[in-house]
Amino acid sequence: MTYAIEAEGLVKRYGDASASRPALDGVDLRARTGTVLGVLGPNGAGKTTAVRVLATLTAPDAGRALVGGHDVTRQAGKVRELIGLTGQYASVDEKLTGTQNLLLMGRLLGLSRAAARARAAELLARFGLEEAAGRAASGYSGGMRRRLDLAVSLVSRPRILFLDEPTTGLDPHARGDLWDVVRELTADGVTVLLTTQYLEEADQLADDLLVIDRGRVAAAGTPDELKALAGGHRLDVRPLLATDLEKTEAVLGATAVEGRVSVPVHDLSEPPALLRRLDDAGVVLAEHALRLPSLDDVFLALTGGDR
Amino acid sequence: MTTALSQSLTLAWRSLIPLRNSPGQFAGMLLQPVFMIVIFVYLFGGSGGDRSGAVAYMLPGVLVQVALMSTITTGMNLATDIGNGVFDRFRTMPIARSAPLAGRVMADLLTLVITVAMSLLVGYAVGFRVTTSPFAALAGIGLVLFLSMALSWGSAWLGLVAKSVTSMQGLATAVLLPLTFGSSAFVPATDMPGWLTWWMGVNPVSHLAGSLRGLLGGGLRVSDVWITLGWTAALFALFAPLALRAYNRRVR
């Protein structure tokens, strides 16, 4: 197993060292080459700081990070040859047209005029920006601007891409488009580190997940592993008669919420037994369902449910 | 080294694109000297009847004013790039650390030269003539460019340390307005309150305008040139290290 991104014990403090808690307080993370590592966390958890450290924008106060096998502080130049970054806010030059933004990157990276033009045209087509190519980016919609931003990060054909909350503020359609792009990139072997506040996004895209909260890793694993952490399957039942609710609570040993009782089940032989006991107690059920916990359950459990 | 240069040139090209993309902005830049000359020569300077005398006095002042005010753009553009993340994007790229600043400085020098040339053209159209020698005229314009570049470093420093584009613009305007208008660029320092006469005597812009007037139209006081050069050197010595330090902190 090779890792495109490896970090150990990252600490980053902003401002006065003694005053506030660090933005990163000993974060370990690893992204397998050619996969998507999702970094989940509430606002202020340290996601953006982690990205800034890995993308050579901020030096860590302690710890070590290798990106593409190069140290982010001592070999920043090598790291910069491999990476692309799309931040929370589209960082395109608003006074330049879509084409000019892409040409600028191509020329800066040392492409010839013709090669830069060809690459710009290719990316404009890929991101559906051909019609807007000749207009200044200041007139673009939020979704178009984000697509241009991502296109600009891809001019260099990065092997490792950092996407910091790339879909924040996008409508569902634009979000879906961006997900497709991420899937195409990983199919080409690109490693993606994606931060997000959206659990669904992490569930859709990430091969591995890292939940960070207050600068520390709260949990790490595959989405399925993290869901298992929330207690495996749950059995939800709703009695037909509201008067049976108390009896249901007594049998299952849990409190009803909105006419429904939910209990964790640890193996799949439990639900039939539980249903039989309800039947024996004379409770008629309107419905019962066995479901997997969602990442929301995990997230709430791990981050203290303060959102 | 050659790659650093070509990257700087690419970034200078990028800084000049907006002038091509928005003809309105370019026209505004070109028309500014026209408006200034109309305002100062015909509105403020024209009441006495001696219009050619007003032109001879005002044009060097307008040229200095237009050149110095244009230095605001250096810091504003840096602050804009920092604010919207473009600067960070450059920092994640395998390019020379100096390229974004060098590109900016080159582009601003070019727009400065265009602005100065435009002011002279407009001046020529309204009857201004160089009565000294081309050599003296070039020396005068050189002085304007030097002091403007020194102030550009100050502008760059403000742009690099400011919290936002608007705060940078506000600060720079607050410094430049008293410098340019509180000088003998447009009116001689006579019949002024004592404190203003004092300030106009100290103000480097008075000496720059005086030097330019002498070098373009004769009657040069050499002390004006020395004082201007002294101020230029002092401002460079102050702002260039401040700006470079702030820049190095930003690019790390």
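Per-chain numbering applies: the sequence of each chain, read as written, is numbered from 1 onward. Working convention: letters from A go to chains and numbers from 1 go to ligands, in the order in which they are written. Reporting of local features is limited, given that this is a predicted model, to residues whose pLDDT is at least 70; pairs of side-chain atoms are given and counted only at 80 or more, and all residues count toward the totals for whole chains, interfaces and linings. For the side-chain quantities, the full set of heavy atoms in the structure was used; hydrogens and water were omitted.

S.K.: For this particular structure, what's the right way to read the overall build of chain A?
M.R.: In DSSP terms, a helix is any run of H or I states spanning at least four residues, a strand is any run of E spanning at least two, and both are numbered starting from the N terminus. When helices and strands are tallied, chain A shows 11 helices and 14 strands. Within chain A, the proportion of its 307 residues that are buried is 49%. Nonlocal contacts in chain A, meaning residues at least 24 apart in sequence, comprise 68% of its contacts between residues at least 6 apart. Computed with a 1.4 Å probe, the accessible areas rest on the Shrake-Rupley method; for each residue, only the protein chains presented here act as cover. Taken as a whole, chain A presents about 14,000 Å² of accessible surface, with 49% of it coming from carbon and sulfur. Averaging the locations of the 36 positively and 42 negatively charged side chains of chain A gives two centres separated by 8 Å. Relative accessible area decides the class of each residue, using a 1.4 Å probe on protein chains only: under 20% of the type maximum gives buried, over 50% gives exposed, and in between gives partly exposed. Whether two residues touch is decided by their heavy atoms; if any such pair falls within 4.5 Å, the residues are in contact. The charged-residue count follows a simple rule in which Lys and Arg add positive charge and Asp and Glu add negative charge, with His and chain termini not counted at all. Note that the charge is assigned to NZ on lysines, CZ on arginines, CG on aspartates and CD on glutamates.

S.K.: Would you mind showing me how to read the overall build of chain B here?
M.R.: Scanning chain B for helices and strands turns up 11 helices and 0 strands. Secondary structure elements of chain B, listed N to C terminal, follow the sequence α-α-α-α-α-α-α-α-α-α-α. Based on C-alpha atoms, the radius of gyration is set beside the globule rule, defined as 2.2 Å times the residue count to the power 0.38. Here the C-alpha atoms of chain B give a radius of gyration of 19 Å, agreeing with the 18 Å that 2.2 N^0.38 yields for 252 residues. Principal axes of the C-alpha set define a box for chain B whose edges measure 60 × 40 × 35 Å. With 252 residues in all, chain B has 49% of them scored as buried. Taking all contacts inside chain B whose residues are at least 6 apart in sequence as the whole, residues at least 24 apart take part in 80%.

S.K.: Looking at this model, I keep getting lost on the packing of helix α3 (residues 98–108) of chain A against helix α1 (residues 2–21) of chain B. Mind explaining?
M.R.: Packed helices, taken two at a time, are described by their axes: the angle between them and the distance between them. All axes here are fitted lines through C-alpha atoms, helices being fitted over the stretch that makes contact, and every angle between N-to-C directions spans 0 to 180 degrees. Following both chains from N to C, one finds α3(A) and α1(B) inclined at 165 degrees, their axes separated by 9 Å at the closest point. Relative to α1(B), the element α3(A) lies roughly antiparallel. In this structure, the crossing between α3(A) and α1(B) has a hand that is right-handed. Along its contact with α3(A), which presents Q100(A), L103(A), L104(A), R107(A) and L108(A), the element α1(B) presents Q7(B), T10(B), L11(B), W13(B), R14(B), I17(B), R20(B) and N21(B). Split into classes, the residues belonging to the contact of α3(A) with α1(B) amount to 6 nonpolar, 4 polar and 3 charged. Between 65 and 115 degrees an angle is taken as roughly perpendicular, under 35 as roughly parallel, over 145 as roughly antiparallel, and anywhere else as oblique. Crossings are sorted by hand: turned counterclockwise from the far helix by less than a right angle, the near helix makes the crossing left-handed, and turned clockwise it makes it right-handed. Residues were grouped as follows: Ala, Val, Leu, Ile, Met, Phe, Trp, Tyr, Cys and Pro as nonpolar; Asp, Glu, Lys and Arg as charged; and all remaining residues, including Gly, as polar.

S.K.: Explanation requested: helix α8 (residues 165–181) of chain B in the structure shown.
M.R.: Residues spaced three or four apart along an α-helix point in a common direction, a consequence of the helix completing one turn every 3.6 residues. Residues and elements named next belong to chain B. Given the number of residues in a helix, its expected span is that number minus one, multiplied by 1.5 Å. Between its terminal C-alpha atoms α8 stretches 23 Å, which fits the 24 Å expected from 17 residues at 1.5 Å a residue. Taken as a whole, α8 has its buried residues at M168, A172, L176, L179 and T180. Those residues of α8 that are buried lie in contact with α3 (51–69), α4 (72–83), α7 (134–161), α9 (194–202) and α10 (204–217).

S.K.: So what exactly am I meant to see when it comes to empty space enclosed by the protein here?
M.R.: Take a probe with the size of a water molecule and roll it over the atoms, and the empty space left behind shows itself. A 1.4 Å probe that fits but cannot get out identifies a cavity on a 1 Å grid over protein atoms alone, an open set with protein on both sides within 12 Å along at least five of seven lines counts as a pocket, and a residue lines either if it has an atom within 4 Å of a point. Grid points are joined across faces, edges and corners, and a volume is the space filled by probe spheres set on the points. Applying the stated rule across the entire model yields 3 cavities of 30 Å³ or more. Estimates place the volume of the largest cavity at around 100 Å³. Lining the largest cavity are 13 residues, and of these I83(A), G84(A), S153(A), S156(A) and M93(B) sit closest to its centre. Of all elements in the fold, only β6 (83–86) and α5 (142–154) of chain A reach the threshold of two or more residues within the lining of the largest cavity. Ranked by the residues each element gives to the lining of the largest cavity, the list is headed by β6(A), at 3 residues. Along the lines of polarity and charge, the residues of the lining of the largest cavity split into 7 nonpolar, 4 polar and 2 charged. Around the second largest cavity, the lining residues are L11(B), R14(B), S15(B), L78(B), D81(B), F87(B), F90(B), P100(B), G103(B) and R104(B). For the lining of the second largest cavity, the secondary-structure elements that each account for two or more residues are α1, α4, α5 (86–91) and α6 (99–125) of chain B.

S.K.: Even after reading the chapter, I still don't get the interface of chain B and chain A, so can you show me in this structure?
M.R.: The figure often quoted for interface size is the accessible area lost as the parts come together. At the interface, 23 residues of chain B touch 28 residues of chain A. In short, buried area is how much 1.4 Å probe accessible area vanishes from two parts on joining, totalled over both. Taking both sides of the interface into account, the surface hidden between chain B and chain A amounts to around 2,300 Å²; carbon and sulfur atoms contribute 57%. Salt bridges, as used here, are contacts in which a Lys or Arg side-chain nitrogen is within 4 Å of a carboxyl oxygen on Asp or Glu. Linking chain B with chain A are 3 salt bridges. The closest approach of N and O atoms between D88(B) and R52(A), which form a salt bridge, is 2.9 Å. In the analysis that follows, any N or O atom pair within 3.5 Å is treated as a polar contact, provided that within protein one partner can donate a hydrogen and the other can accept it, and provided that, for residues neighboring in sequence, both atoms belong to side chains. On inspection of chain B and its partner chain A, the count reaches 10 residue pairs in polar contact (both at pLDDT 80 or more). Elements supplying a minimum of two residues to the side of chain B that touches chain A: α1 and α5 of chain B. The leading source of residues in the side of chain B that touches chain A is α1(B), at 9 residues. Split by residue class, the side of chain B that touches chain A holds 9 nonpolar, 7 polar and 7 charged.

S.K.: Please explain the packing of aromatic side chains as it appears in this structure.
M.R.: How two aromatic rings sit relative to each other is set out by the distance from centre to centre and by the angle between their planes. Here is the rule: rings of Phe, Tyr and Trp (six-membered ring for Trp) pair when centre to centre is within 6.5 Å. Planes less than 30 degrees apart are stacked, more than 60 are edge-to-face, and the remainder are tilted. Here the structure, examined in full by the defined rule, presents 3 aromatic pairs over all chains. Only lysine NZ and arginine CZ atoms are considered, and such an atom sits over a ring when it is within 6 Å of the ring centre and within 35 degrees of the ring normal. Taking NZ or CZ as reference, R175(A) lies 4.2 Å from the ring centre of Y198(A), over its face. Lying over the aromatic face of Y124(B), R129(B) brings its terminal NZ or CZ to 3.8 Å of the ring centre.

S.K.: Even after reading the chapter, I still don't get the layout of surface pockets, so can you show me in this structure?
M.R.: Space inside the largest pocket adds up to approximately 880 Å³. Along the walls of the largest pocket sit 38 residues, with S70(B), T73(B), T74(B), N77(B) and D108(B) positioned nearest its centre. Among the elements of the structure, α1, α2 (23–44), α4, α6, α7 and α8 of chain B are those that each provide at least two residues to the lining of the largest pocket. For the lining of the largest pocket, the element with the highest residue contribution is α6(B), accounting for 8 residues. Of the pockets and cavities examined, the second largest pocket occupies roughly 440 Å³. Surrounding the second largest pocket, 19 residues form its lining, R52(A), R91(B), A246(B), R249(B) and R250(B) being those nearest its centre. Those elements that provide at least two residues to the lining of the second largest pocket are α5, α7 and α11 (222–251) of chain B. Taken together, the residues of the lining of the second largest pocket break down into 10 nonpolar, 1 polar and 8 charged.

S.K.: Would you mind showing me how to read the domain arrangement of chain A here?
M.R.: For each domain, the first and last residues come from an automatic or database assignment. On domain assignment, one finds that chain A holds domain 1 (3–228) and domain 2 (233–291). The straight-line distance from the C-alpha centre of domain 1 of chain A to that of domain 2 of chain A is 45 Å.

S.K.: It is not clear to me how the sheet that holds strand β9 (residues 208–213) of chain A should be interpreted in this structure. Could you clarify?
M.R.: Backbone-to-backbone hydrogen bonds join strands into a sheet, with any given pair of strands oriented parallel or antiparallel. Residue and element names in this part refer to chain A. The mixed open sheet is built from 6 strands, whose spatial order is β6-β7-β8-β3-β9-β10. The sheet terminates laterally at β6 and β10 (216–221), the two strands that pair on one side only. Between one strand axis and the next, the sheet turns by 15 degrees as a mean value, whatever way the strands run. With 5 bridges connecting them, strand β3 (residues 36–40) and strand β8 (residues 191–196) associate as parallel partners. Counterpart to L37 in the pairing with β8 is L193. Sheet contacts for α5: β6 and β7 (160–164); angle to β6, the most-contacted strand, approximately 170 degrees. Two strands are counted as paired when DSSP detects at least two bridges linking them.

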